[in-house]
Every structure is written in structure tokens, then in C-alpha cells.
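If you want the building blocks of each chain, they are given just below.
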Amino acid sequence: MNFRGPFRIRADRDRPFPEIEHPEDAIVKVIRSCICGSDLHLYHGLVPDTRVGSTFGHEFIGEIVDVGSSVEKVKVGDRVMVPFNIACGKCAFCKQELYGQCHEANPQSTAAGGIFGYSHTTGGYNGGQAEYVRVPYADVGPTVIPDWMDPDDAVLLTDVVPTGYQAAEMGGIQEGDTVVVFGAGPIGIMAAKCAWLFGAGRVIVIDQLDYRLEFVKEFAQCEVYNFKHLEDPVVFIKKITDSLGADVCIDAVGAEAAGDTMNTMLGRKLLMQGGSTTALHWAINSVKKGGIVSIVGVYGPIDALVPIGNVVNKGITIRASQASVKRLLPKMIEHVKNGIIDPKAMITHRIPLEEVGEGYHIFSKKLDNCIKTVLIPPSA
Ligand SMILES: NC(=O)c1ccc[n+]([C@@H]2O[C@H](COP(=O)([O-])OP(=O)(O)OC[C@H]3O[C@@H](n4cnc5c(N)ncnc54)[C@H](O)[C@@H]3O)[C@@H](O)[C@H]2O)c1
Ligand SMILES: [Zn+2]
Ligand SMILES: [Zn+2]
């Protein structure tokens, strides 16, 4: 695909083949890629330095068709899932398993790691919403897809599943805790599902789209509420907990949150802050004193308004990150194998790569009860 500017994406048949540029590279022929809520921030023009002509796509699997001279762990013919973070495996951050914060993959920045297809802010790499993609550090990220695994599950292990899992993990959930997840997109759905794995006693999901709430209610066995029908979501959450608030709140919405006119104006229309912080406000204000707020929703690099006074006075712990996919992959593979997580159940749309523009439109506007869209290249 080819980004032509905000809201303008087209399939382009004349893209040059990617080449090996470094001995540690591999070239991957894409079998499946996905469109993610993170891609919408690019599509809507909210991410700085998103260049015309770039190819998005950080969730993909494929077959290795070429490797650089020093690649040892994977070979031509291997079918691999490729974590969305680009990580060198050697720097100080990778050594701490902070694969979402690798410095070598994006050395121009101390504020973000490297990500496939996610603007020059995260390194300027082309992504996998394509037929072929260059994958740096091929011995580090790409993981061979087990024979028994469905490719639809595999592609969701490159981001959605580990991100949802890490959202729950960062919540520090204790046995019996009440966990509120803001957002019933794929990330929130997975966070709600995974909250139980850490011992949650009650899981509540908040969104404005009934079809997604219905899905997550069944998929993650949780309580759901549509915030459009609530006068004040924060007051409501306190009322249905013990009047003090939830133990853990998860922001799985990020920069494009709806629900508050001022935040929408400042963060989404005027671009005066790094996104709309409505869901984050709600998370901070509806967690109980001493509670934990876990943020996986993505925000822009510039400042954003948050109720910091409440964070301090309530003694809240905030944990946030781009998910460390490589760290979590072995465990996620086991969870899929044991039937604990069924990622592909979230896939509602399969769209030929040639129709990528339409795919973005449907996912962006949440048309046709869309939850997760998979793009299929013509040669796959
Ligand atoms: N940290 C990471 O590693 C990571 C990885 C993947 C995605 N993300 C981010 O996670 C977020 C969610 O991704 P997704 O693919 O699920 O996106 P999505 O667009 O499919 O879902 C977002 C959902 O939030 C809902 N929403 C909007 N305002 C809300 C509010 N105020 N309260 C509750 N819900 C609200 C929307 O109706 C929508 O259903 C995005 O910001 C994305 O960039 C982060
Ligand atoms: Zn993603
Ligand atoms: Zn590194």
C-alpha cells in the first residue's frame, strides 16, 4: 500500500521490491497482514512525520524468501510471525527485554523504539501491508510459526494478543480485583480476556459501540457498558464498584478517544495535544486510591492534558508501554495451543490487499460491525 496523505491510501502495483540492505536482514513474502487501531492514527494524520509514499503495516506473517549473509536462526522457506517492534536484541534496552524500546532500531530518537510501517518517528521502516517487506535483525524478531498453528492466529500474535496480555500484566492484577477496560477494540477485547488469567474477580469493559460490547461480553465473559448511555462514566463506575473505584483501569483506546468535546477538539481536531485523553481521564478518575492504571492506548509524542493532581493525591501507579512482543511470544503461543486464547475469533473482515483503501475506510468508520481486518496479498 501507498500512503498518499490523511484518509488517502491506495494499492500500488509498481512498488520496488525491497532488498537486503544489511547482513542481518531478511526479505519476507507476506501471507497475511492486519489493519490495527494504531494504523488509524497514521491514516487520520495524527502521527508526526508520516511520509507520503510510505507503506504501513506492523502486524504481518510471511515466508522468508531471502536472507542476509549473517542470518543464522531463520532460513529461506521458513514461515514466520514478525513482532511489530523492530529490535536489535543487543542494546541495553533489548537486554532488559524492553523490545518495544530498542535504541539501535531507531537511534535518531530517545523517545520511541522502531516499529514497522509507523512513520519516521519510529524509524521510517516500511511495513507489511505489502507483498514483500524487508525485516531487519532477522535472527531476533521473526519466530517460526508452529505447524499446528492457524495463520489467522499467528498474525494476531504479532501485536494484538501480546499487547492485550501486557495491558493486563502491567495492571498488576491481584486475586479478586475489579478491572475496568476502556475500549472494546481488538486490544481491549484481548486485555479483558487476559485479565482473568491474572486472577481478576470482575472484568468490566466500556465502549460506545454495542456490536463490539456484545462480542467482548461473550468472548471474555465480562460486564459491558456503553458510555453513550451514561451521564458520567466515572461516577457510574464508582457506583457499580464499592463507591471507591476499580482496583485496576486499562486504557485500550488511546489518542482517538471520543466522549468529551474539549478533549476531542484539542487532541483530534486542533492537534494541540498528543491526542484526546478522554479514556485516560476516565481511567485515572475511576481507579481507586492506590490503584493501577495501565496504558497501552497510543498517544502522540507531544504533551497531553491529564489530571496529574488526582494521580498524586490518589497515589496511583501508572504503567505504560508499547508491548514487548518478543518477550511474550512463547507464552502466547502456549496459550493458543492450549485453547486458552482464540485470537482469530476477532477477525471479521478479510480484504484483498488490492482493496486496502476500502479496508481502511471500513475499519476507520467502524462499518459493517468491523472488529479486525486481515489483508490478503494476491500472491498469498
Ligand atoms: N501499546 C501497544 O503496544 C499497542 C499495540 C497495538 C495497539 N495499540 C493501541 O491500542 C489502542 C486500541 O487499538 P485497537 O486496535 O483496539 O483500536 P480500535 O480503533 O479498533 O478500538 C478502539 C475502541 O475504543 C473505543 N472508544 C473510543 N473512545 C472511547 C472512550 N472514551 N472510552 C472507551 N472506549 C472508547 C472505540 O469505540 C473503539 O471501539 C490504539 O490506540 C492503538 O494504537 C497499542
Ligand atoms: Zn497493531
Ligand atoms: Zn535493541
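All of these numbers come straight from a predicted model, not from anything done at the bench.

## A few points about the sheet that holds strand 15 (residues 317-320)
Strand order in the open sheet made by the 6 strands is 12-11-10-13-14-15, with parallel pairing throughout. Because the sheet does not close on itself, it has two edges, and the strands there are strand 12 (223-226) and strand 15. Each adjacent strand pair in this sheet contributes to an overall mean axis angle of 20 degrees, direction not counted. Relative to strand 13 (residues 246-251), strand 10 (residues 178-182) is paired through 4 bridges, and the arrangement is parallel. If you follow V179 over to strand 13, its bridge partner there is V248. Here helix 5 (residues 186-195) sits on the sheet and contacts strand 10, strand 11 (202-207) and strand 13; the angle it forms with strand 10, its principal contact strand, is near 170 degrees.

## A look at the environment of G113
Mapping G113 onto the fold places it in the loop between helix 2 (92-95) and strand 7 (114-115). It is 8.1 Å that separates the C-alpha atoms of G113 and Y99, two residues lying 14 residues apart in sequence. The contacts of G113, once residues within four sequence positions are left out, are N85, G100, Q101, C102, A105, N106, T122 and Q322.

## What about helix 6 (residues 210-219)?
Those residues of helix 6 not exposed but buried are R212, L213, F215 and V216. End-on, the buried residues of helix 6 take up no more than an arc of 160 degrees, which puts them together on one face. Close packing links the buried residues of helix 6 with helix 5, strand 11 and strand 12. Once helix 6 ends, the next one or two residues include Q221, with phi positive near 50 degrees.

## Let's talk about the pairing of strand 16 (residues 347-352)
A regular strand carries its side chains on alternate faces of the sheet. Looking at chain direction, strand 16 and strand 17 (residues 372-376) are connected through 5 bridges and run parallel. Bridging from a neighbouring strand, I347 pairs with K372 of strand 17. Regarding topology, helix 12 (residues 356-365) serves as the crossover connection from strand 16 to the parallel strand 17, and that connection is right-handed.

## Things to note about the environment of S33
Relative to the helices and strands, S33 is located in strand 3 (residues 26-35). For S33, a count of 33 C-beta atoms within 10 Å translates into the label buried. Along the backbone, S33 and S294 are 261 residues apart, and their C-alpha atoms lie at a distance of 27 Å. Ignoring anything within four residues of it in the chain, the contact list for S33 reads G57, E59, F60, G128, Q129, V155 and L375.

## Examining the nonpolar core
Counting 116 residues, the largest nonpolar core has F182, A191 and V205 as the members making the most contacts within it. A domain-level breakdown of this core finds at least three residues from each of domain 1 (2-159 + 324-376) and domain 2 (163-320). Here F182 is in contact with G188, I206, C249, I250, D251, A252, V253, A279, W282 and A283, once residues within four sequence places are set aside.

## Structural notes on the site of ligand 1
Close contacts around ligand 1 come from 34 residues, with G37, S38, G185, G254 and V298 the closest. Elements represented by at least two residues in the shell around ligand 1 include exactly helix 1 (37-43), helix 5, strand 11 and helix 9 (278-286). Ranked by residues supplied to the shell around ligand 1, first place goes to helix 1 with 4 residues. A domain-level breakdown of the shell around ligand 1 finds at least three residues from each of domain 1 (2-159 + 324-376) and domain 2 (163-320).

## Quick notes on the packing of helix 4 (residues 160-170) against helix 5
Direction vectors running N to C along helix 4 and helix 5 enclose 55 degrees, while the axes themselves pass 7 Å from each other. With respect to their mutual orientation, helix 4 and helix 5 come out oblique. The interaxial crossing formed by helix 4 with helix 5 has right-handed handedness. Across the interface between the two elements, V160, V161, T163, G164, Y165, A167 and A168 from helix 4 touch P186, I187, M190, A191, K193, C194 and A195 from helix 5. In terms of residue class, the contact of helix 4 with helix 5 is made up of 11 nonpolar, 2 polar and 1 charged.

## A closer look at the pairing of strand 4 (residues 60-67)
Sheet analysis places strand 3 next to strand 4, joined by 7 bridges and oriented antiparallel. Across the sheet, residue K29 finds its bridge partner in strand 4, namely E63. The sheet contact formed by strand 4 and strand 5 (residues 79-82) spans 4 bridges and is antiparallel. Paired with F60 across the two strands is V82, which belongs to strand 5.

Conventions used here
For every chain, the first residue of its written sequence is number 1, and the numbers climb from 1 along that sequence. Labels are handed out in written order, letters beginning with A for the chains and numbers beginning with 1 for the ligands. Note on the predicted model: pLDDT of at least 70 is required for a residue's local features to be given, and 80 or more for side-chain atom pairs to be given and counted; whole-chain, interface and lining totals, by contrast, use all residues. When DSSP finds two or more bridges between two strands, those strands count as paired. Helix and strand definitions follow DSSP, with helices as H or I runs of at least four residues and strands as E runs of at least two, each counted in order from the N terminus. Convention adopted: a line fitted to C-alpha atoms gives each axis, helices being fitted over their contacting stretch, and angles between N-to-C directions are expressed from 0 to 180 degrees. What counts as a contact here is a pair of residues whose C-beta atoms, placed from the backbone, lie within 7 Å. Comment: burial labels come from other C-beta atoms within 10 Å of the residue's own C-beta, placed from the backbone, where a count of 20 or more is buried, 12 or fewer is exposed, and between is partly exposed. Note: the arc covers the axis-to-C-beta directions of the helix. Note on handedness: a clockwise path from strand one over the helix to strand two, with the strands aimed away from the viewer, defines a right-handed crossover. Remark: nonpolar core denotes a set of buried Ala, Val, Leu, Ile, Met, Phe, Trp, Tyr and Cys residues whose joining runs through C-beta atoms within 7 Å. Where each domain starts and ends comes from a domain assignment, either automatic or drawn from a database. In this analysis a residue is considered near a molecule or strand if the C-beta atom, reconstructed from its backbone, is found within 6 Å of that molecule or strand. Any angle that falls under 35 degrees is termed roughly parallel, while one over 145 is termed roughly antiparallel, one within 65 to 115 roughly perpendicular, and all others oblique. By convention, the crossing between two helices is left-handed when the near helix turns anticlockwise from the far helix through less than a right angle, and right-handed when the turn is clockwise. When residues are sorted by character, Ala, Val, Leu, Ile, Met, Phe, Trp, Tyr, Cys and Pro go into the nonpolar class, Asp, Glu, Lys and Arg into the charged class, and all the rest, Gly among them, into the polar class.

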